[in-house]
There are 4 protein chains.
Amino acid sequence: MTELRTAVLGVGRIGRMHADYLAHRVEGVELTKVYDVFAEAATEVGGRLGVQVAGSVAEALTDVDLVAICTSTDTHVDLLVAAAEAGVPVFCEKPVSLDLGRTDRAVAAIADAGIPVHLGFNRRYDPSHRAVRDAVDGGTVGDLELLRITSRDPGPPPISYIETSGGIFCDMTVHDFDMARYVAGSEVVEVTAHGAVRVDPAIGEAGDLDTAVVVMRHENGTITTIDNSRRAVYGYDQRVEAFGSGGMAASHNHHDHSTSLSTAAGTSTAPMQHFFLERYAPSYLSQWDAVVEGVRSGTPEVTVADGRAALVLGLAAGRSVTEGRPVRVDEF
Amino acid sequence: MTELRTAVLGVGRIGRMHADYLAHRVEGVELTKVYDVFAEAATEVGGRLGVQVAGSVAEALTDVDLVAICTSTDTHVDLLVAAAEAGVPVFCEKPVSLDLGRTDRAVAAIADAGIPVHLGFNRRYDPSHRAVRDAVDGGTVGDLELLRITSRDPGPPPISYIETSGGIFCDMTVHDFDMARYVAGSEVVEVTAHGAVRVDPAIGEAGDLDTAVVVMRHENGTITTIDNSRRAVYGYDQRVEAFGSGGMAASHNHHDHSTSLSTAAGTSTAPMQHFFLERYAPSYLSQWDAVVEGVRSGTPEVTVADGRAALVLGLAAGRSVTEGRPVRVDEF
Amino acid sequence: MTELRTAVLGVGRIGRMHADYLAHRVEGVELTKVYDVFAEAATEVGGRLGVQVAGSVAEALTDVDLVAICTSTDTHVDLLVAAAEAGVPVFCEKPVSLDLGRTDRAVAAIADAGIPVHLGFNRRYDPSHRAVRDAVDGGTVGDLELLRITSRDPGPPPISYIETSGGIFCDMTVHDFDMARYVAGSEVVEVTAHGAVRVDPAIGEAGDLDTAVVVMRHENGTITTIDNSRRAVYGYDQRVEAFGSGGMAASHNHHDHSTSLSTAAGTSTAPMQHFFLERYAPSYLSQWDAVVEGVRSGTPEVTVADGRAALVLGLAAGRSVTEGRPVRVDEF
Amino acid sequence: MTELRTAVLGVGRIGRMHADYLAHRVEGVELTKVYDVFAEAATEVGGRLGVQVAGSVAEALTDVDLVAICTSTDTHVDLLVAAAEAGVPVFCEKPVSLDLGRTDRAVAAIADAGIPVHLGFNRRYDPSHRAVRDAVDGGTVGDLELLRITSRDPGPPPISYIETSGGIFCDMTVHDFDMARYVAGSEVVEVTAHGAVRVDPAIGEAGDLDTAVVVMRHENGTITTIDNSRRAVYGYDQRVEAFGSGGMAASHNHHDHSTSLSTAAGTSTAPMQHFFLERYAPSYLSQWDAVVEGVRSGTPEVTVADGRAALVLGLAAGRSVTEGRPVRVDEF
């Protein structure tokens with residue numbers, strides 16, 4: 001089968017990772033172009049990987065079978081529309097947009113063009129979380145009753161990032177909203193959220209929260225709880241637990257290695273993995289296999305509709321905190 | 001030091017356990033009497049343990065230094081009042097009462113009499129949960145931000161029990177409410193509860209829930225989440241996790257033994273302990289040491305005020321479910 | 001069923017534990033007498049437990065259904081012979097003797113008298129190690145190929161104890177020799193041992209080793225390795241691993257509680273249990289049930305023949321170290 | 001820094017892996033040539049990776065800065081000599097040779113040429129085993145007293161492979177011999193080995209063993225035990241445990257993911273990794289960083305002298321089994 005000629009738009013931290021993976025580690029794909037509004041960045045990455053540096057988005061979208069949108073969030077919708085108009089299949093980093101109207105505009109353009117667009121909820125491809133989903137999907141957990149998601153970052157981002165992030169629910173919890181829909185296999189009908197500023201007062205001054213708990217009800221009766229913190233000093237804490245009539249499936253944290261030390265002071269294990277690009281590297285790679293498959297079949301596994309659904313949950317959570325009440329999803 | 005002459009009132013399942021422990025395994029105590037409204041039960045236990053069978057509560061309260069109230073919940077207040085009037089220190093199984101007014105009557109009688117009364121929130125004495133509390137109290141966890149309590153029974157009690165239990169929040173979650181207050185070291189100010197009937201429709205028909213999630217805010221800013229189920233097919237699931245600025249302390253489940261089996265089918269561990277009297281046996285024993293100490297010092301570690309506080313949280317949770325809103329504790 | 005009237009001979013550390021267990025925690029037994037050459041010790045224990053203090057061994061052996069020999073090792077044979085002559089069933093702490101000829105004398109006396117004698121290899125009754133044996137016995141492990149036993153004490157005994165202990169192989173490894181025979185269900189045919197003095201030179205000056213590795217071949221082809229140390233600073237390290245055609249069963253160490261702490265410094269677990277009377281408490285209790293059953297049935301599960309077999313392995317290991325060669329068991 | 005132009009000799013399973021890694025995932029290296037006596041294999045790999053297919057060893061050794069010898073064992077010495085004569089630094093898969101005289105010939109040629117040669121004991125670069133070594137090297141373990149290495153393959157290789165493998169000690173245990181020297185940081189002085197045919201009689205008929213236990217004494221007093229099996233049905237069992245005066249460091253097995261399942265049947269974990277190229281992938285990658293560093297500095301971390309030392313231990317183990325006695329290393 002011929003390889004998909006692929007362009008990467010945006011070569012910041014995440015785009016650079018995707019470009020490296022596409023160049024070296026993904027089967028069925030040939031990285032052919034990179035583009036960035038910062039020309040030097042594109043030149044550096046293109047030179048290192050030996051691929052063409054596109055001078056414009058239009059040029060990047062020419063003669064390619066796939067485009068990876070890895071630019072800043074505020075540009076996603078315009079680039080999705082451009083790709084749709086050019087008829088080029090897309091991998092797009094999450095989120096589509098922090099705005100529901102703009103998200104709908106992207107959804108419509110994609111539907112009109114009929115191109116496959118895979119939205120980058122990479123955690124679905126993590127082998128551990130996926131094993132939880134498979135245990136639900138395959139019946140081991142039985143009827144799902146409770147779903148618990150813990151997602152805590154090792155440390156907060158800069159305040160400048162916080163200010164444009166859309167807030168903890170749309171920026172950080174959004175992954176957990178998607179995970180809840182993915183594992184439960186059932187839409188959420190109601191969201192109750194609780195938040196606090198405990199990590200850094202400056203986060204509160206920027207209008208955001210750094211500590212949050214969300215409780216959701218799904219159509220199928222599952223109750224999901226999510227807890228988030230912007231700072232877990234011991235590492236990147238990522239766990240999913242599905243509980244039901246047949247039992248429990250739970251993904252535990254990943255550690256740097258398997259060695260334990262036992263001394264008079266006690267027994268200690270290896271440090272928890274800290275960096276998300278390391279912790280989730282297998283998911284980013286596995287996601288590419290799904291993207292390639294989705295382009296070939298025309299049916300991507302994760303879509304902009306999934307992105308829209310997660311955004312709605314983020315907005316509902318925000319409203320729940322503001323108004324101090326449970327918020328139904330059909331309010332949106 | 002002379003041993004505390006002790007009477008046990010009520011020799012059902014839990015009273016029988018306490019009588020055995022008092023007779024054989026608790027230092028500083030001499031079991032001298034047992035009493036039960038079912039005379040045969042008292043005779044059987046008294047005979048086996050070689051102690052006097054009291055013919056009445058009044059007789060049981062005579063010439064003793066300590067009385068253990070292990071009867072059914074609806075008799076606790078009257079017996080507490082009787083003991084208070086007799087000036088006999090008390091160990092009382094939780095709860096004091098399912099009714100706030102009656103609880104207050106007991107609180108007042110005890111205060112008037114000035115007797116030490118230890119309320120049986122035994123889980124505080126579990127070595128694993130206690131280690132979580134100690135990690136909070138000792139500063140390892142730093143400022144407490146999130147507290148997660150999982151408490152799932154291996155299987156539901158009979159419907160006849162459910163009907164008089166006071167409901168899941170006052171019967172089952174009440175232990176978790178106490179745990180939250182104990183670990184956080186801070187009072188709860190607001191309760192939001194969510195419930196469902198997922199395990200058995202008959203529980204719903206009896207007016208109760210079998211699956212519940214509670215979110216609470218404490219005075220010190222901690223957010224606690226509790227999840228409960230009446231049926232965890234894999235065993236008695238009892239975990240507490242405290243998360244804060246300094247890190248995380250988490251108690252994990254206890255297993256029957258430490259042996260793992262690795263075959264072509266995978267690696268499996270020993271079954272989780274199923275029965276609460278077995279899982280919490282060390283806590284029941286350790287609690288007795290605290291009771292003895294509390295009687296000697298006149299200052300019990302766990303009091304009827306703790307029982308009242310947990311009852312209020314249970315009532316608040318019930319109201320939250322009924323009214324679909326966060327409920328402030330000062331509404332009670 | 002009537003309770004077995006039981007006398008305890010020797011109320012040092014281990015005898016005192018057995019007396020307490022017999023008085024309070026073992027069903028089917030009534031502790032009726034204690035005896036010790038140090039009369040004060042017997043008086044203290046007898047007084048505390050409310051049982052008769054025998055003035056002599058002969059008196060202790062009168063009107064009892066069971067005698068527990070918990071005295072120092074050098075007295076075991078004479079007491080076994082005395083009990084045999086008195087026709088009293090026996091529980092005897094291991095070892096029978098450090099001398100093979102004297103052991104045989106006890107074996108003969110017991111056979112002549114036809115009394116049941118249970119030898120105290122308590123570790124067979126540890127739930128974790130027993131689960132390993134059951135996995136072998138029940139077929140989960142398949143054909144047993146490799147057996148690994150780790151047994152390391154938290155710290156060395158006093159040199160005065162070392163001097164009369166019979167050496168590491170007869171004093172400490174003897175438990176592991178019995179475990180190997182128990183788990184493998186097959187006799188040992190050859191022993192190769194390696195030893196060193198690494199913990200304390202004074203142990204070497206006393207003529208003993210403090211670090212040892214033993215490799216054994218069983219009749220059924222299993223190869224067992226044992227490693228011992230007199231000092232594991234992190235606790236009492238007790239593990240058994242059985243490996244075969246069907247898989248592996250492994251008992252892991254026991255910890256004080258189940259709580260883990262995760263901080264910036266890493267994740268640590270609860271301390272390992274240090275004290276053998278604590279670590280093996282469940283085995284001592286469970287062993288008593290087996291003793292009672294053995295007295296009733298006349299067929300003890302663990303016999304002086306097992307004690308003799310373990311002693312032979314200890315002697316073979318010593319000879320292997322001295323002569324620097326594999327030693328066949330049939331040399332003895 | 002300019003990249004090292006690298007040729008890969010031999011593109012069977014392991015050579016192909018190295019070629020892929022060199023082409024895509026190793027920094028500081030440019031794969032420029034591949035060679036194989038089977039021209040089609042070289043053509044396929046060269047074509048896929050876009051590099052030159054050398055027509056001969058001589059051509060492969062021209063204009064390169066590094067050559068990776070990944071051919072069959074019997075060709076290693078000749079290729080090492082050829083590379084030495086060509087003055088090309090080498091990465092060579094282990095073992096150098098199964099013959100001590102031929103090994104010495106390679107050692108001499110390399111010494112004469114003064115080229116850096118890194119021998120592929122990749123397990124030294126496994127993060128888990130390395131953490132054990134670091135705990136010894138850094139003092140956490142204190143004085144090393146016992147070292148335990150478990151190495152069990154998921155299944156035996158074909159009998160045809162067994163027949164030319166040099167036997168279990170030179171083919172499989174050789175990795176453990178190197179690990180023992182690496183972790184202990186001290187040479188072995190005596191080897192006692194025990195073996196059996198338990199997995200497959202055909203292995204015995206081919207003159208080999210499939211189950212083995214080796215005990216070794218090091219110069220510094222450490223006693224190492226190694227156990228091997230050609231078949232662990234549960235996966236690839238790779239563990240190292242270092243025990244000393246300060247405590248214990250132990251590397252545990254690696255699993256496919258971190259998810260556990262708890263049902264009425266018990267709790268099970270993810271399968272153990274089965275395939276060595278997967279289990280040790282991080283070590284192969286990390287080893288390449290060390291190779292590049294060794295070429296640049298002229299001082300490789302793992303040398304043919306290490307290969308020779310491990311071979312001697314393999315030969316000593318074989319002799320120990322044959323002659324039924326401990327064998328001193330200085331017999332060789």
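Residues numbered from 1 in each chain as written. Chains lettered and ligands numbered in written order. Predicted model: local features only at pLDDT ≥ 70, side-chain atom pairs only at ≥ 80, totals over all residues. Heavy atoms only, no water.

Trainee: Explain the relation of the copies chain C and chain A here, please?
Mentor: To go from the first copy of the chain to the second, apply a rotation about an axis and then a shift along the same axis. Expressed as a screw operation, the relation of chain C to chain A combines 0.0 Å of axial shift with a rotation of 180°, fitting to an RMSD of 0.0 Å. The superposition of one copy onto the other is thereby described by a two-fold rotation axis. Proximity to the rotation axis, assessed at the C-alpha, singles out Ser268 of chain C in chain C; its C-alpha lies 2.0 Å from the axis. Mapped onto chain A, 100% of the interface residues of chain C again fall at the interface, so both copies present the same surface. (Least-squares fit on C-alpha atoms with pLDDT ≥ 70 in both. Contact = heavy atoms within 4.5 Å.)

Trainee: Sorry, what's going on with helix H13 (residues 304-323) of chain C here?
Mentor: In an α-helix, one turn spans 3.6 residues, which is why side chains three or four residues apart end up on the same side. Residues and elements named next belong to chain C. A rise of 1.5 Å per residue sets the reference length of H13, with its 20 residues, at 28 Å; its end C-alpha atoms lie 28 Å apart and thus fit the reference within 8%. Within H13, the full set of buried residues consists of Val304, Asp306, Gly307, Ala309, Ala310, Leu311, Val312, Leu313, Gly314, Ala316, Ala317 and Ser320. Two residues or fewer after H13 comes Gly324, characterised by a positive phi angle close to 60°. (Helix = DSSP H or I, 4+ residues; strand = E, 2+ residues; numbered from the N terminus. Expected span 1.5 Å × (residues − 1). Buried < 20%, exposed > 50% of the residue type's maximum accessible area, 1.4 Å probe, protein only.)

Trainee: I would appreciate a short explanation of the pattern of salt bridges in the present structure.
Mentor: One pass over the structure, following the stated rule, counts 117 salt bridges over all chains. Among the salt bridges present, the one from Arg152 of chain C reaches Asp227 of chain C, with a minimum N-O distance of 2.9 Å. Here Arg152 of chain C, found in strand E7 (residues 144-152), pairs with Asp227 of chain C, found in strand E10 (residues 223-229); they are 75 residues apart in sequence, far enough to count as distant. Grouping residues by exposure puts Arg152 of chain C and Asp227 of chain C together as buried. Taken together, the salt bridges that share partners define one network made up of Arg148 and Glu241 of chain A together with Arg152, Asp227, Asp237 and Arg239 of chain B. (Salt bridge = Lys/Arg side-chain N within 4 Å of Asp/Glu carboxyl O.)

Trainee: For this particular structure, what's the right way to read the packing of aromatic side chains?
Mentor: All told, the structure shown has 16 aromatic pairs over all chains when counted by the stated rule. A ring pair is formed by Phe275 of chain C and Phe276 of chain C, whose centres lie 5.5 Å apart and whose planes are at 70°; its orientation type is edge-to-face. Look at Phe91 of chain D and Trp288 of chain D: their rings are 4.7 Å apart centre to centre, the planes differ by 45°, and that puts the pair in the tilted class. One end of the pair, Phe91 of chain D, is in strand E5 (residues 90-92); the other, Trp288 of chain D, is in helix H12 (residues 281-297), and 197 residues separate them in sequence. As far as burial versus exposure is concerned, Phe91 of chain D and Trp288 of chain D are alike and both buried. The ring of Phe243 of chain B has Arg152 of chain A sitting right over it, with the charged end atom 4.2 Å from the ring centre. The ring of Tyr280 of chain A has Arg279 of chain A sitting right over it, with the charged end atom 4.5 Å from the ring centre. (Phe/Tyr/Trp six-rings, centres within 6.5 Å; stacked < 30°, edge-to-face > 60°. Lys NZ or Arg CZ within 6 Å of the ring centre and 35° of its normal.)

Trainee: Just to check I follow, could you spell out the interface of chain C and chain A for this structure?
Mentor: Where interface size is quoted, it is often the accessible area lost as the parts come together. On the chain A side, the residues contacting the 10 residues of chain C number 10 residues. Run the count over chain C and chain A and you get zero salt bridges. In this structure, the connection of chain C to chain A is made through two residue pairs in polar contact (both at pLDDT 80 or more). If you list the elements that add at least two residues to the side of chain C that touches chain A, you get strand E13 (259-263) and strand E14 (266-269) of chain C. For the side of chain C that touches chain A, the element with the highest residue contribution is E14 of chain C, accounting for three residues. (Polar contact = N/O pair within 3.5 Å; in protein donor to acceptor, adjacent residues only side chain to side chain.)

Trainee: Mind showing me how you'd approach the sheet that holds strand E2 (residues 29-35) of chain C here?
Mentor: Within a sheet, each strand pairs with its neighbour through backbone hydrogen bonds, oriented either parallel or antiparallel. Residues and elements named next belong to chain C. On the basis of which strands lie adjacent, the open sheet formed by six strands has the order E3-E2-E1-E4-E5-E6 and parallel pairing. Of all the strands in the sheet, the pair left with one neighbour each is strand E3 (52-53) and strand E6 (117-119). Examined bridge by bridge, strand E5 (residues 90-92) and E6 share three bridges and lie parallel to one another. Opposite Phe91, over in E6, you have His118 as the bridge partner. (Pairing = 2+ DSSP bridges.)

Trainee: I tried to follow the packing of helix H9 (residues 173-184) of chain B against helix H13 (residues 304-323) of chain B on my own but got confused; where do I start?
Mentor: Residues and elements named next belong to chain B. Between H9 and H13, the least distance of the axes is 9 Å, while the angle of their chain directions is 120°. If you check the angle between H9 and H13, you find them oblique. H13 is crossed by H9, and the crossing has right-handed handedness. Note on element contacts: H13 touches H9 through Asp306, Ala309, Ala310, Leu313, Gly314 and Ala317, opposite Val174, Phe177, Asp178 and Arg181. The residue makeup of the contact of H9 with H13, split by class, is six nonpolar, one polar and three charged. (Axes fitted to C-alpha atoms, helices over the stretch in contact; angles between N-to-C directions. Parallel < 35°, antiparallel > 145°, perpendicular 65-115°, else oblique. Left-handed = near helix turned anticlockwise from the far one by under 90°. Nonpolar A, V, L, I, M, F, W, Y, C, P; charged D, E, K, R; others polar.)

Trainee: Teacher, can you tell me more about the environment of Tyr236 of chain B here?
Mentor: All names here are of chain B. With respect to the element layout, Tyr236 can be found in the loop between strand E10 (223-229) and strand E11 (237-244). Between the C-alpha atom of Tyr236 and that of Glu219, which follows or precedes it by 17 residues, the distance is 31 Å. Residues in contact with Tyr236, not counting those within four places in the same chain, are Arg123, Arg152, Asp153, Pro154, Asn253, Met272, Gln273, His274, Phe276, Arg279 and Tyr280.

Trainee: Which parts of the structure should I look at to understand the relation of the copies chain A and chain B?
Mentor: Placing chain A over chain B gives an RMSD of 0.0 Å and needs a rotation angle of 180°, together with 0.0 Å of translation along the axis. Counting the interface residues of chain A, we find that 100% of their copies in chain B are interface residues as well, pointing to one common contact surface.

Trainee: What am I meant to see in the interface of chain A and chain B here?
Mentor: Listed by partner, the interface residues are 39 residues for chain A and 39 residues for chain B. On the chain A side of the interface with chain B, the three residues burying the most area are Arg148, His194 and Arg198 of chain A, jointly 20% of the side's total. Counting across the interface, chain A meets chain B through eight salt bridges. Elements with a contribution of two residues or more to the side of chain A that touches chain B: strand E7 (144-152), strand E8 (188-196), strand E9 (211-218), strand E10 (223-229), strand E11 (237-244) and strand E12 (247-251) of chain A. In terms of residue count, the dominant contributor to the side of chain A that touches chain B is E7 of chain A (six residues). Each residue belonging to the side of chain A that touches chain B can be placed in one class, and the counts come to 13 nonpolar, 15 polar and 11 charged. (Buried area = accessible area lost by both parts, 1.4 Å probe.)

Trainee: What am I meant to see in the pairing of E11 of chain B here?
Mentor: Here is the key point about a regular strand: its side chains alternate between the two faces of the sheet. Residue and element names in this part refer to chain B. With respect to burial, E11 is a largely interior element, eight of its eight residues being buried. Burial along E11 is two-sided: the face carrying Asp237, Arg239, Glu241 and Phe243 and the face carrying Gln238, Val240, Ala242 and Gly244 are both buried. Summarising the sheet, strand E7 (residues 144-152) and E11 pair through eight bridges and their orientation is antiparallel. By the bridge assignment, Leu147 is partnered in E11 with Ala242. Pairing between E11 and strand E12 (residues 247-251): five bridges, direction antiparallel. Along E12, the bridge assignment pairs Gly244 with Gly247. Where E11 folds back onto E12 in an antiparallel hairpin, the turn is made up of two residues.

Trainee: I'm lost on unusual backbone geometry in this one. Help?
Mentor: Note on backbone geometry: most residues besides glycine have negative phi, and most peptide bonds are trans. A cis amide bond links Lys94 of chain A to the next residue, Pro95 of chain A, at an omega of -10°. Mapped onto the fold, Pro95 of chain A is located in the loop between strand E5 (90-92) and helix H5 (100-113). Its identity is not glycine, yet Asp63 of chain C carries a phi of approximately 55°, on the positive side. Relative to the helices and strands, Asp63 of chain C is located in the loop between helix H3 (57-60) and strand E4 (66-69).

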